[in-house]
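# Coordinate inspection notes
Chain residues, written in single-letter form:
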Amino acid sequence: MSDHPNAAEIAVRAGIDLALTEDNLRLSFEQRALHHQAALDLALEIERAGQRLRERSTSSPAAS
């Protein structure tokens with residue numbers, strides 16, 4: 001290791017696990033894009049589900 005550690009060396013020293021990043025970088029650009037799109041689709045579906053729950057809770061009468 002040199003006198004001037006790079007960002008990855010600093011992250012490892014700080015206890016950050018870079019395994020997922022390394023695994024992701026082994027994928028092709030297209031594979032990474034597909035994984036990203038799947039994660040985005042999931043996040044958007046969760047957001048829509050939350051919105052439906054909020055709409056349902058505000059449209060129902062309050063419990064007495």
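For the structure itself, look to the data block above.
Model, not experiment: these values are computed from the prediction.

What follows deals with the overall build of the protein. Check the secondary structure of the protein and you find 3 helices and 0 strands. Ordering the α and β elements of the protein from the N terminus gives α-α-α. What you see for the protein is a C-alpha radius of gyration of 21 Å, clearly larger than the 11 Å of a compact globule of 64 residues, by over 25%. Burial statistics for the protein: of 64 residues in total, 5% are counted as buried. The centroid of the 7 positive side-chain charges in the protein is displaced by 8 Å from the centroid of its 10 negative side-chain charges.

So, on to the pattern of salt bridges. All chains considered together, the criterion is met by 3 salt bridges. With a closest N to O distance of 2.7 Å, Arg26 and Asp23 form a salt bridge. Since its relative accessible area comes to 41%, Asp23 is described here as partly exposed. A salt bridge links Arg52 to Glu45, with the nearest nitrogen and oxygen atoms 3.3 Å apart. A single salt-bridge network, built from bridges that share partners, covers Glu45, Arg48 and Arg52.

So, how was this worked out
- Residues numbered from 1 in each chain as written.
- Predicted model: local features only at pLDDT ≥ 70, side-chain atom pairs only at ≥ 80, totals over all residues.
- Heavy atoms only, no water.
- Helix = DSSP H or I, 4+ residues; strand = E, 2+ residues; numbered from the N terminus.
- Rg over C-alpha atoms; globule rule 2.2 N^0.38 Å.
- Buried < 20%, exposed > 50% of the residue type's maximum accessible area, 1.4 Å probe, protein only.
- Lys, Arg positive; Asp, Glu negative; His and termini not counted.
- Charge placed at Lys NZ, Arg CZ, Asp CG, Glu CD.
- Salt bridge = Lys/Arg side-chain N within 4 Å of Asp/Glu carboxyl O.

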